[in-house]
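These are the residues of each chain, in order.
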Amino acid sequence: MKLKKAMILLSAVCILSAMIAGCGSGSESAAKTEETQAKEVVSEELNNTSLKESDGNTEEPQENTAGKWQVLESDVASAVDADFLGKVWKMEEDSFFIAERKVKIFDDGSKVYSAPSSDADIPDSQLIHVVFEEDTRFYLKDTDDNEEGHGNKEAGFQDLKEHMFVEMKGSFINDEFHATEIRFF
């Protein structure tokens, strides 16, 4: 079922891309904008599907083998320079909860990110608790429209807000992510 939906969405993106390329009268930036929108729709659909169908079981070999949540695979972690990605969902006094943010890396090195909509109703069982120590480093990322980082400036936990994206280094212990570095935008 999941594969069938992915195939349908991929076909729709291919058709849309072919239509954009065939028109030829539009500007290159308009074509890129439409392609970016198509990728966002596909990634949002894939993420919504995976949230609904997720039962917490993964077959990926990762660090927290006894837990529900796992760090990124080493090749993906290297490409995004993070161990786990998320979107801040709830703030507490000294910790926060995130919804998982997924990334797909294509053969050409391009990346597509997907995260739940800020309006989504996500059950607490699908949220990841992030804890940190006083020596955890916080950085506010300067990004462009493609979410490419151009630099980081030091920040603190107080600068973090709901619905911001986070890129974190650290590890899972009993399904809590223990962060050593948190970059957010």
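Parameters at a glance
- Residues numbered from 1 in each chain as written.
- Predicted model: local features only at pLDDT ≥ 70, side-chain atom pairs only at ≥ 80, totals over all residues.
- Heavy atoms only, no water.
- Salt bridge = Lys/Arg side-chain N within 4 Å of Asp/Glu carboxyl O.
- Helix = DSSP H or I, 4+ residues; strand = E, 2+ residues; numbered from the N terminus.
- Buried < 20%, exposed > 50% of the residue type's maximum accessible area, 1.4 Å probe, protein only.
- Contact = heavy atoms within 4.5 Å.
- pLDDT = per-residue confidence, 0-100.
- Core = buried A, V, L, I, M, F, W, Y, C linked by side-chain atoms within 4.5 Å.

Engineer: Honestly, the pattern of salt bridges in this entry has me stumped. Any pointers?
Structural biologist: Proximity of charged atoms lets side chains of opposite charge pair with each other. For the structure on display, the rule yields 7 salt bridges. For D124, the salt bridge is made with K90, and the minimal N-O distance between the two is 2.7 Å. Linking D124 in the loop between β4 (111–114) and β5 (127–143) with K90 in strand β1 (residues 84–91), this pair joins segments that are 34 residues apart in sequence. The class for K90 is partly exposed, based on a relative accessible area of 33%. Across the salt bridge formed by E167 and R183, the nearest N and O atoms sit 3.3 Å from each other. Linking E167 in strand β7 (residues 165–173) with R183 in strand β8 (residues 176–184), this pair joins segments that are 16 residues apart in sequence.

Engineer: Looking at this structure, I do not really get unusual backbone geometry. What am I missing?
Structural biologist: Trans is the common state for peptide bonds, and a negative phi is the common state for residues other than glycine. For H163, which is not glycine, the phi torsion reads 75° and is therefore positive. Within the secondary structure, H163 is located in the loop between β6 (149–155) and β7. With phi around 50°, N174 is a residue other than glycine that occupies positive phi space.

Engineer: What am I meant to see in the environment of S125 here?
Structural biologist: Within the secondary structure, S125 is located in the loop between β4 and β5. Ignoring anything within four residues of it in the chain, the contact list for S125 reads K68 and W69.

Engineer: Any chance you could explain the confidence of the model for the protein chain here in plain terms?
Structural biologist: Close reading of the predicted structure is inappropriate where its pLDDT is low. Confidence in the prediction for the protein chain averages 77 pLDDT; 60% of positions are at 70 or higher. Low confidence marks residues 25–39, where pLDDT is under 50. Its contacts with residues over four positions away, or in another chain, come to 8 contacts. Here residues 41–64 is a poorly scored stretch, pLDDT under 50, and it has 42 contacts once near neighbours within four places are set aside; other chains count.

Engineer: Looking at this model, I keep getting lost on the nonpolar core. Mind explaining?
Structural biologist: Side chains that are nonpolar tend, in soluble globular proteins, to be buried together. In terms of nonpolar packing, the biggest core is built from 20 residues, with F96, I98, M168, F177 and I182 touching the most fellow members. Contributions of two or more residues to this core are made by β1, β2 (96–100), β5, β7 and β8. Ignoring any residue separated from it by four or fewer positions in sequence, one finds M168 in contact with A82, D83, F84, F96, I98, V130, F177, E181 and I182. Residues L72, V76, A77 and Y113 belong to the second largest nonpolar core, which totals 8 residues.

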